[in-house]
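Residues per chain, in single letters:
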Amino acid sequence: MTGATTAREAWARLVSHFRRQDLDREFDDELAAHIDLATHDYLRQGMSLLEARRLARLQLGGIEGLKDAHRDSRGLPWLDSVVQDLRYALRMMRRSPGFTAVAVLSLALGIGANTAIFTLIESTLLRPIPVKHPESLRLLTWREQWGGWVAPNVGYSSPAFGTIYEQGVTPDGGMMHAEFSPALYREFLRDNTVFESLFAFKEIGRVMVVDRKAVVDGDAVADGSVEPANCFLVSGDFYRGMEVSPAIGRAIQPENDVKTEEGSVAVISYEYWTRRFARSPSVIGKTIILNDVSLTIIGVNPEYFTGIEPGAHFEIWAPLSLAPALAGRPWIDDARQWQVPMMGRLKPGVSDAQAQSSMDALFQVYVDANAGMLASMLKESAKRPRFILQSAARGVDY
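Just so we're clear, the structure is a prediction, and the values are computed from it rather than from any experiment.

Engineer: Just checking my understanding: could you explain the pairing of strand β9 (residues 293-300) for this structure?
Structural biologist: Regular strands place side chains that alternate from one sheet face to the opposite one. The element β9 is largely enclosed, with a buried count of 6 among its 8 residues. Of the pairings in the sheet, the one linking strand β6 (residues 248-249) to β9 comprises 2 bridges and is antiparallel in character. Among the inter-strand pairings, glycine 249 is bridged to a residue of β9, identified as glycine 299. The sheet contact formed by strand β7 (residues 265-268) and β9 spans 4 bridges and is parallel. Along β9, the bridge assignment pairs valine 267 with glycine 299. Here strand β8 (residues 287-290) pairs with β9 via 4 bridges, running antiparallel.

Engineer: I would appreciate a short explanation of unusual backbone geometry in the present structure.
Structural biologist: Comment: phi is negative for the bulk of residues other than glycine, and the bulk of peptide bonds are trans. The phi dihedral of glutamate 243 falls on the positive side, at around 60°, and the residue is not glycine. Mapped onto the secondary structure, glutamate 243 falls in the loop between α8 (238-242) and β6. Since its relative accessible area comes to 26%, glutamate 243 is described here as partly exposed. Look at arginine 279: it is not a glycine, yet its phi comes out positive at around 60°. Note on placement: arginine 279 falls in the loop between α9 (270-277) and β8.

Engineer: I would appreciate a short explanation of the packing of aromatic side chains in the present structure.
Structural biologist: For any pair of aromatic rings, geometry is given as the distance between the ring centres together with the angle between the planes. According to the stated counting rule, one finds 24 aromatic pairs in the structure shown. Geometrically, the ring pair formed by phenylalanine 199 and phenylalanine 238 is edge-to-face, given 5.4 Å between the ring centres and 85° between the ring planes. With phenylalanine 199 in strand β4 (residues 195-216) and phenylalanine 238 in helix α8, this residue pair connects regions lying 39 residues apart in the sequence. Phenylalanine 238 carries the same exposure label as phenylalanine 199, and that label is buried. A network of ring pairs unites the aromatic residues Trp142, Trp149, Phe180, Phe188, Trp338, Phe363, Tyr366 and Phe387 as a single cluster. A cation over a ring is seen here: arginine 276 above phenylalanine 277, with NZ or CZ 5.8 Å from the ring centre.

Engineer: Looking at this structure, how should I read a positive patch on the surface?
Structural biologist: Together, Arg87, Arg91, Arg94 and Arg95 give the surface a local cluster of positive charge. Mapped onto the elements, arginine 87 comes out in helix α5 (residues 77-95).

Engineer: Can you walk me through the pairing of β8 in this structure?
Structural biologist: Side chains Thr287 and Ile289 project from β8 onto one buried face, and the interleaved Ile288 and Leu290 project onto a second face that is buried too. Counting the residues between successive antiparallel strands, the hairpin from β8 to β9 contains 2 residues, one of them, asparagine 291, with a positive phi of roughly 45°.

Engineer: Looking at this structure, I do not really get the side chain of asparagine 256. What am I missing?
Structural biologist: You can see asparagine 256 is positioned in the loop between β6 and β7. The exposure class assigned to asparagine 256 is buried, which follows from its relative accessible area of 2%. Within the structure, asparagine 256 has its side chain in polar contact with the backbone oxygen of glutamate 262 (distance 2.9 Å). Residue contacts for asparagine 256: discarding those within four places in its chain leaves Arg250, Ala251, Glu262, Gly263, Val265, Ile298, Pro319 and Ser321.

Engineer: Can you walk me through the confidence of the model for the protein in this structure?
Structural biologist: Summarising the model, the protein shows a mean pLDDT of 81, and 78% of its residues fall at 70 or more. Across the protein, the element-wise mean pLDDT spans from 60 in strand β2 (residues 166-169) up to 97 in β6. The low-confidence segment residues 214-222 (pLDDT under 50) makes 12 contacts with residues lying over four places distant or belonging to another chain.

Engineer: Please clarify how α9 should be interpreted in this entry.
Structural biologist: Side chains that are three or four residues apart share a direction in an α-helix, a result of its 3.6 residues per turn. Residues of α9 that are buried include every one of Tyr270, Tyr272, Trp273 and Phe277, and no others. For α9, the arc enclosing every buried residue in end-on projection is 165°, short of the 170-degree limit, so these residues lie on one face. Two residues or fewer past α9, alanine 278 is found with a positive phi of approximately 55°.

Engineer: Just to check I follow, could you spell out the pattern of salt bridges for this structure?
Structural biologist: When the charged atoms of two side chains with opposite charge come close together, those side chains can pair. Throughout the structure, instances matching the rule amount to 10 salt bridges. Residue glutamate 227 is joined to arginine 275 by a salt bridge in which the shortest nitrogen-to-oxygen separation is 3.0 Å. Remark: arginine 275 occurs in helix α9 and glutamate 227 occurs in strand β5 (residues 219-234); sequence separation between them is 48 residues. Classification of glutamate 227 by relative accessible area gives buried; the value is 17%. In this structure, the salt-bridge partner of arginine 276 is glutamate 227, at a minimum N-O distance of 3.5 Å.

Engineer: Is there a simple way to think about the nonpolar core in this case?
Structural biologist: When a protein is soluble and globular, its nonpolar side chains tend to lie buried together. Ranked by size, the top nonpolar core spans 55 residues in total, and within it Leu140, Phe180, Phe188 and Ile316 carry the most contacts. Counting residues per element, this core draws most heavily on β4, which supplies 6 residues. When sequence neighbours within four positions are dropped, the list of residues in contact with leucine 140 reads Ala178, Phe180, Phe188, Phe195, Leu198, Met342, Met343, Gly344, Met359, Phe387, Ile388 and Leu389. Counting residues in hydrophobic clusters, the runner-up holds 25 residues, among them Ala251, Ile298, Ala312 and Val396.

Here is what the cut-offs are and how they apply
- Residues numbered from 1 in each chain as written.
- Predicted model: local features only at pLDDT ≥ 70, side-chain atom pairs only at ≥ 80, totals over all residues.
- Heavy atoms only, no water.
- Buried < 20%, exposed > 50% of the residue type's maximum accessible area, 1.4 Å probe, protein only.
- Helix = DSSP H or I, 4+ residues; strand = E, 2+ residues; numbered from the N terminus.
- Pairing = 2+ DSSP bridges.
- Phe/Tyr/Trp six-rings, centres within 6.5 Å; stacked < 30°, edge-to-face > 60°.
- Lys NZ or Arg CZ within 6 Å of the ring centre and 35° of its normal.
- Patch = residues over 30% accessible without salt bridge, like charges linked within 9 Å, V, L, I, M, F, W, Y side chains within 5 Å.
- Areas by Shrake-Rupley, 256 points an atom, 1.4 Å probe, with all protein chains shown as cover.
- Salt bridge = Lys/Arg side-chain N within 4 Å of Asp/Glu carboxyl O.
- Lys, Arg positive; Asp, Glu negative; His and termini not counted.
- Charge placed at Lys NZ, Arg CZ, Asp CG, Glu CD.
- Polar contact = N/O pair within 3.5 Å; in protein donor to acceptor, adjacent residues only side chain to side chain.
- Contact = heavy atoms within 4.5 Å.
- pLDDT = per-residue confidence, 0-100.
- Arc of directions from axis to C-beta.
- Core = buried A, V, L, I, M, F, W, Y, C linked by side-chain atoms within 4.5 Å.

Spelled out as structure tokens, the structure:
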């Protein structure tokens, strides 16, 4: 049976379903005509009218069974069954209004909860981050082999190695890391040939924000508003790499990622701009104080851009070079601190295999030159770390 034939049959059945009464009358007329013809034949054989009609009906078979079979062959019996079930259900619901109310409320709560959960998962885990061409973004990671070489100060809290940040455990017992040393970050910036832009970032969590109202005798005087805010630090090439342009003002640039006055700047989120400054354009140039560090607001992120971590919302964005001052930790200047996450945007035409090979070569050279006390492990291939590029189209999920 071809597709066209199946479609025609389905259409005919659907039309028949809505012409049931007319078709039932036509079939009744056909049955009556058949019985009349058979009765006439029996009468010519000399039978009485009563006997002739009885034999004619027997010859035809069960009348009601024929009608049911005819309805099934021409219509949609499953639809009739559904309609009958619905009618029965409605009758039962009218008889038990209390039970009906509980059932309807339970269904509504279940459907609403499932919808909310799916919406949350879709927006935080499935949907690409709202930037141009997210498919070309890559997260830089490396894999620590089981029992193999590991960088100092990376991953978890260890008395021997210090603070470590792990991304996840692999099925075979290895560990995925998403942070690198500041020195390796600078070498990647200098020597990489596969990324159009390469940038670093760091979430430092909550900071205290104070609006500066005036300066009296060299001291900042606040207007009384002090509140915590989530702060995200980015390197100078972050906005260019993400291809995000501020709603007003300008973005953090490479010349701002320095430990001078040019680095004392901040970009605020659209939500924070709306809530705290009523979307006033005069916010550009305003000074705020973060953890006792004075910063000048130079831009506002577009409304659609809330960050690269799914589900996270950051109010203040500042240069990565401010990490020691804002967070009180010197890891940005310490080569032994592997605490710098990195992302990059691939150059057009560069494949993942090319980028993987090129960056792994740079990574292995750095590891060999900075092996430390675990240098002997690098002689065994199975214990050497592996550089791995991961898609960052949906952002960074630690």
